[in-house]
Amino acid sequence: MSRTTNLNIRNVAIIAHVDHGKTTLIDHMLRQCGTFRTGQHVNERIMDNLELERERGITIAAKNCALFWKDTKINVIDTPGHADFGGEVERALKMADGAILLVDASEGPLPQTRFVLRKALEGGLKIIVVINKIDRQDARPAEVLQELYDLFIDLGANDEQIDFPVVYAVGREGSASLKLEEQGADLSVLLDQILQHIPGPAYDAKEPLQMLICNLAYSDYLGRLAIGRIFNGSVKKGDSLVCMTHDHQVVSSKISSLQAYDGLALCSVESAAPGDIVVLAGVEDVQIGDTVCARETPKALRRIVVDEPTISMLFTINTSPLTGTEGTFVQSRKLRERLMKEVLHNVALRVEEDTSAERFIVKGRGEFQMAILIETMRREGFELAVGRPQIITKEHNGAVCEPIEHLFIDCGDQFSGIVTEKLLSRRGRLINLVNHETGRVRLEFSIPSRSLIGYRSEFLTDTKGTGIMNSELLGYEPYRGEFASRTTGSLVSDRAGNAVAYALFHLEPRGVLFVVPGDVVYAGMIVGEHNRDNDLRVNPCKEKKLSNMRAAGKDENIQLSPVLPMTLERAIEFIREDELVEVTPKSIRLRKA
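Reading the values: rules and limits
Residue numbers restart at each chain and count upward from 1, following the sequence in its written direction. Per-residue local features of the predicted model are confined to residues with pLDDT of at least 70, and side-chain atom pairs are confined, for both listing and counting, to 80 or more; whole-chain, interface and lining totals are unaffected and use all residues. Only heavy atoms go into the side-chain values, all of them from the structure, while hydrogens and water stay out. One bridge is not enough; two strands pair if DSSP finds at least two bridges between them. Secondary structure counts use DSSP, requiring at least four H or I residues in a row for a helix and at least two E residues in a row for a strand, with both numbered from the N terminus. Helix axes are fitted to C-alpha atoms over the stretch in contact, other axes to C-alpha atoms as well, and angles between N-to-C directions run from 0 to 180 degrees. The contact criterion used throughout is that any non-hydrogen atoms of two residues lie within 4.5 Å. Oblique is the label for any angle not under 35 degrees, not over 145, and not in the 65 to 115 range, which are roughly parallel, roughly antiparallel and roughly perpendicular in turn. Working rule for handedness: look at the near helix, and if it is turned counterclockwise from the far one by less than a right angle, call the crossing left-handed; if clockwise, right-handed. Two cysteine sulfurs form a disulfide in these notes if their separation is within 2.5 Å. Centre distance within 6.5 Å is the pairing criterion for rings of Phe, Tyr and Trp, where only the six-membered ring of Trp is used; planes under 30 degrees apart are then read as stacked, over 60 as edge-to-face, and the remainder as tilted. To sort residues, take the accessible area from a 1.4 Å probe on protein chains only and compare it with the maximum for the residue type: under 20% means buried, over 50% means exposed, and anything in between is partly exposed. Here, a charge over a ring is recorded when the distance from Lys NZ or Arg CZ to the ring centre is within 6 Å and its angle to the ring normal is within 35 degrees. The set of buried Ala, Val, Leu, Ile, Met, Phe, Trp, Tyr and Cys residues whose side-chain atoms join them within 4.5 Å is what this entry labels a nonpolar core. Multiplying 1.5 Å by the helix residue count minus one yields the expected span of that helix. Candidate patch residues must exceed 30% relative accessible area and have no salt bridge, after which like charges are joined if within 9 Å and Val, Leu, Ile, Met, Phe, Trp or Tyr side chains if within 5 Å. Working definition of accessibility: Shrake-Rupley area with a 1.4 Å probe, residue cover restricted to the visible protein chains. Definition used for salt bridges: Asp or Glu carboxyl oxygen within 4 Å of a side-chain nitrogen of Lys or Arg.

Student: Sorry if this is basic, but what is going on with the sheet that holds strand S2 (residues 9-16) here?
Tutor: The pairing of strands in a sheet comes from backbone hydrogen bonds and takes either a parallel or an antiparallel form. If you walk across this open sheet you meet the 7 strands as S3-S4-S2-S5-S6-S7-S8, and the pairing is mixed. Either end of the sheet is taken by a strand with one partner, and the two such strands are strand S3 (63-69) and strand S8 (175-177). Recorded for the sheet is a direction-independent mean angle of 30 degrees between the axes of neighbouring strands. Relative to the sheet, helix H1 (residues 22-32) contacts S2, S3, strand S4 (72-78) and strand S5 (98-104), its axis offset from that of S3 by approximately 35 degrees. Those strands touched by helix H7 (residues 188-197) are S2, S3, S4, S5, strand S6 (126-132), strand S7 (166-170) and S8, and its axis lies near 165 degrees from that of S6.

This is the structure we're talking about:
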């Protein structure tokens with residue numbers, strides 16, 4: 001089969017661990033390629049256009065943009081750096097022929113670096129390594145480069161993939177150079193490396209149109225938009241095409257709009273060539289992984305395959321006495337519609353209906369992915385209740401197997417004892433310990449996924465907020481046995497009303513409170529964490545008995561300890577199996593199921 005290469009296009013994904021600077025680097029690439037006019041005000045991290053992305057400083061959804069360098073169009077795909085959003089990485093890499101692997105010059109390759117690199121190597125992509133932030137005081141670029149070679153060998157890269165070009169960059173300043181001792185003026189070196197080392201998209205000139213759908217969007221004017229890459233053939237506006245679905249159904253459609261990326265914007269084009277990343281309107285009921293082909297010769301491409309989910313979570317309607325007081329969407333029908341809509345966009349999520357029509361089991365990669373979904377729904381006006389994350393086990397040769405994580409801990413050496421003790425008690429196994437003699441140590445554990453649910457906040461407390469914790473899925477191993485997770489009980493309100501300072505003051509010795517005076521409470525609502533391991537029913541609404549007798553001396557002054565606001569992640573980590581998190585647009589409450 002003779003393959004032709006389209007040298008006018010390069011499709012490149014940027015992959016990195018969280019916070020290694022890839023979105024900042026893309027900002028400067030766009031600026032230096034003349035995407036923005038002179039004097040135009042542009043936000044920082046312009047690719048992070050979702051509200052949650054800007055707040056948290058991370059990439060959640062894979063996004064496309066295009067820039068032009070030396071008359072060549074470079075389609076850039078920004079991918080998330082967190083393993084919980086691995087489904088985004090897997091579908092984004094389907095559109096690319098090469099990848100820029102960005103690594104922090106101090107931190108080196110971390111678990112998510114390993115995860116995204118493994119996906120890129122499995123896809124046979126050509127890699128350019130960028131060692132970023134070389135201006136850091138603790139930068140160690142030579143050691144990091146050696147760690148990268150070890151990582152490539154460990155992941156089974158072939159000789160061609162290991163022979164990668166290396167660029168040294170300061171992404172924040174928009175400079176790059178091929179030599180460590182030289183300070184680059186701009187990113188022209190990196191852009192030249194993309195043209196030189198990333199191959200143009202290859203296609204078979206004899207094959208008809210085949211376009212793989214890798215993403216979906218929606219426009220109020222055009223309806224559903226299908227985003228994907230043309231692997232063979234070409235497409236024109238107004239063409240009559242067919243869509244090959246997952247169950248091999250052939251659905252006819254007519255292209256009402258054909259758009260391509262120019263910078264961050266979409267521009268209408270009359271036609272698109274092989275290798276182009278385009279956006280089609282007019283293809284109804286299309287899903288990620290479908291193939292759009294010529295009507296005369298429908299021929300499907302291989303579908304996008306993503307890793308299986310490892311945790312599941314109960315989503316149900318809010319059944320508390322306060323239901324409907326703070327949210328717009330409270331019905332199970334609305335909840336079901338929203339979850340099914342999410343599944344269309346997010347290939348790593350699965351939704352199953354439970355025994356009741358009001359309960360749904362959502363399966364995904366991790367609790368962080370679930371927290372982002374819940375937070376997004378909450379901001380859209382949904383009221384719902386969610387249960388504690390549960391791991392998804394598998395059966396192998398009659399034995400129950402559970403997901404095991406490769407956990408990397410970076411903390412001060414004075415905290416290594418408490419961290420190791422806690423993780424060993426949670427069925428973890430220490431597999432490596434590296435001390436760089438800098439006052440910090442790196443610990444590596446093999447540990448069940450369920451052991452990490454609820455551990456992050458405990459870890460931050462133990463390391464006084466200075467520890468860094470990352471993990472990646474190793475695979476499945478036989479079940480390692482039970483362990484004690486939460487050693488405290490809950491303080492549960494026994495009545496409805498408003499919390500009173502007098503009552504809360506006398507409850508403080510019992511544990512840590514979650515409510516402040518004036519908060520609405522109801523029977524069954526968790527108002528605090530009990531010091532002991534059992535649940536305690538309390539009255540947070542009790543007022544001081546008043547009589548017409550004058551007190552001898554003045555009343556004691558009521559001063560309550562400050563209450564840490566309840567966040568979604570903290571609530572999900574805190575609850576037990578018999579408890580739920582009630583989520584509304586205004587509040588996050590805990591209650592007994």
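Text resumes after the structure shown.
Student: In this structure, what is going on with the packing of helix H4 (residues 111-122) against helix H5 (residues 141-154)? I would like to understand it.
Tutor: At a closest axis distance of 10 Å, the pairing of H4 and H5 adopts a crossing angle of 50 degrees. The orientation of H4 relative to H5 falls into the category oblique. Here the hand of the crossing between H4 and H5 comes out right-handed. Facing H4, whose interface residues are Arg-114, Leu-117 and Leu-121, H5 presents Leu-151, Phe-152 and Asp-154.

Student: Is there a simple way to explain the state of the cysteines in this structure?
Tutor: What the rule picks out here adds up to 0 disulfides. Here Cys-214 stays free of any disulfide, with the sulfur of Cys-243 as its closest cysteine sulfur at 13 Å.

Student: What should I look at first to understand the packing of aromatic side chains in this one?
Tutor: Here a ring pair, both rings aromatic, is described through the centre-centre distance and the interplanar angle of the planes. Scanning the model with the defined rule gives 5 aromatic pairs in all. Ring plane angle 20 degrees and centroid distance 4.8 Å describe the contact between Tyr-149 and Phe-164, whose orientation is recorded as stacked. Of this pair, Tyr-149 sits in helix H5 while Phe-164 sits in the loop between helix H6 (159-162) and S7, placing them 15 residues apart in sequence. Judged by relative accessible area, Tyr-149 falls into the partly exposed class, the value being 27%. Overall, the relative accessible area of 5% leaves Phe-164 in the buried class. Arranged with centres 5.2 Å apart and planes meeting at 90 degrees, the rings of Phe-514 and Phe-574 form a pair that is edge-to-face. With Phe-514 in the loop between strand S32 (511-513) and strand S33 (520-521) and Phe-574 in helix H13 (residues 568-574), this pair connects stretches of sequence that are 60 residues apart. Side by side, Phe-514 and Phe-574 carry an identical accessibility label, which is buried. Taken together through their ring pairs, the aromatic side chains of Tyr-149, Phe-152 and Phe-164 make up a single cluster. The side chain of Lys-394 reaches across the aromatic face of Tyr-476, ending 4.4 Å from its centre.

Student: Before we go on, may I ask you to explain H1 in this structure?
Tutor: Think of an α-helix as turning once every 3.6 residues; residues three or four places apart then point the same way. Burial runs high along H1: 8 of the 11 residues are buried. Within the sequence span of H1, burial applies to Lys-22, Thr-23, Leu-25, Ile-26, Asp-27, His-28, Met-29 and Leu-30. Taken together, the buried residues of H1 touch S2, S3, S4, S5 and H7.

Student: Any chance you could explain the nonpolar core here in plain terms?
Tutor: For soluble globular proteins, nonpolar side chains are generally found buried alongside one another. In this structure, Leu-101, Leu-117, Ile-127, Val-129, Ile-131, Phe-152 and Leu-280 are the most contacted members of the largest nonpolar core, which totals 63 residues. The contact partners of Phe-152, leaving out residues within four places of it in the chain, are Leu-101, Leu-117, Leu-121, Ile-127, Val-129, Ala-157, Gln-161, Ile-162 and Phe-164. Residues Val-362, Met-370, Leu-568 and Leu-590 belong to the second largest nonpolar core, which totals 31 residues.

Student: I tried to follow the pairing of strand S13 (residues 240-244) on my own but got confused; where do I start?
Tutor: With respect to burial, S13 is a largely interior element, 4 of its 5 residues being buried. The pairing of S13 with strand S14 (residues 250-254) spans 5 bridges and is classified as antiparallel. When the bridges of S14 are listed, Leu-241 appears paired with Ser-253. Hairpin connection between S13 and S14: a loop of 5 residues separates the two successive antiparallel strands, and His-248 in this loop has a positive phi of roughly 65 degrees. Both S13 and strand S19 (residues 291-294) contribute to a ladder of 4 bridges, which runs antiparallel. Pairing of Val-242 across the sheet is with Cys-293, part of S19.

Student: What should I look at first to understand unusual backbone geometry in this one?
Tutor: Negative phi characterises most residues that are not glycine, and trans characterises most peptide bonds. Of note, the phi angle at Lys-133 is positive, near 60 degrees, even though the residue is not glycine. Locating Lys-133 in the fold gives a position in the loop between S6 and H5. Judged by relative accessible area, which is 24%, Lys-133 ranks as partly exposed. If you check the backbone angles, Lys-464 has positive phi at about 50 degrees while not being a glycine.

Student: Would you explain H4 in this entry?
Tutor: The first and last C-alpha atoms of H4 sit 17 Å apart over 12 residues, in line with the 16 Å expected at 1.5 Å per residue. Judged by how many residues are buried, H4 sits mostly within the fold: 10 of 12 residues are covered. Gly-124, located one to two residues past H4, shows a positive phi value of around 70 degrees.

Student: Would you explain a nonpolar patch on the surface in this entry?
Tutor: A contiguous nonpolar patch, built from Leu-424, Leu-430 and Leu-433 and spanning about 260 Å² of accessible area, is present on the exposed surface. Following the sequence through the fold, Leu-424 ends up in helix H10 (residues 416-425). Residue class for Leu-424 comes out partly exposed when judged on its relative accessible area of 44%.

Student: What should I look at first to understand the sheet that holds strand S16 (residues 265-268) in this one?
Tutor: Read from one edge to the other, the open sheet built from 8 strands follows the order S14-S13-S19-S10-S11-S18-S15-S16, with strand pairing classed as antiparallel. Each edge of the open sheet is held by one strand with a lone partner, namely S14 and S16. Across the sheet, the mean angle from the axis of one strand to that of its neighbour is 40 degrees, orientation sign disregarded. Across 4 bridges, strand S15 (residues 257-262) lies against strand S18 (residues 277-281) in antiparallel orientation. Within the sheet, the bridge partner assigned to Ala-260 lies in S18 and is Val-278.

Student: Honestly, the packing of helix H8 (residues 332-345) against helix H9 (residues 367-379) in this entry has me stumped. Any pointers?
Tutor: The axes of two packed helices give the description: the angle between them and the distance between them. The interhelical angle for the contact between H8 and H9, taken along N-to-C directions, is 130 degrees, at an axis separation of 12 Å. Of the possible angle classes, the one that applies to H8 and H9 is oblique. Of the two elements, H8 crosses H9, and the hand of that crossing is right-handed. Contact with H8, carried on its side by Leu-335, Arg-338, Leu-339 and Glu-342, involves Leu-373, Thr-376 and Met-377 of H9 and no other residues of that element.

Student: Can you help me understand the pairing of strand S20 (residues 311-317) in this one?
Tutor: The side chains of a regular strand alternate, residue by residue, between the two faces of the sheet. Buried residues dominate S20, accounting for 7 of its 7 residues. Examined bridge by bridge, S20 and strand S22 (residues 359-364) share 6 bridges and lie antiparallel to one another. When the sheet's bridge partners are listed, Phe-315 is paired in S22 with Phe-360. Bridge count for S20 against strand S24 (residues 390-391) is 2 bridges, and the pairing is antiparallel. Residue pairing across strands places Ser-312 opposite Gln-390, the latter belonging to S24. Here 3 bridges tie S20 to strand S23 (residues 384-386), and the two strands are oriented antiparallel to one another. Each residue of the ladder has a partner; that of Ile-317, found in S23, is Leu-384.

In short, shape yes, function no, at least from these values alone.
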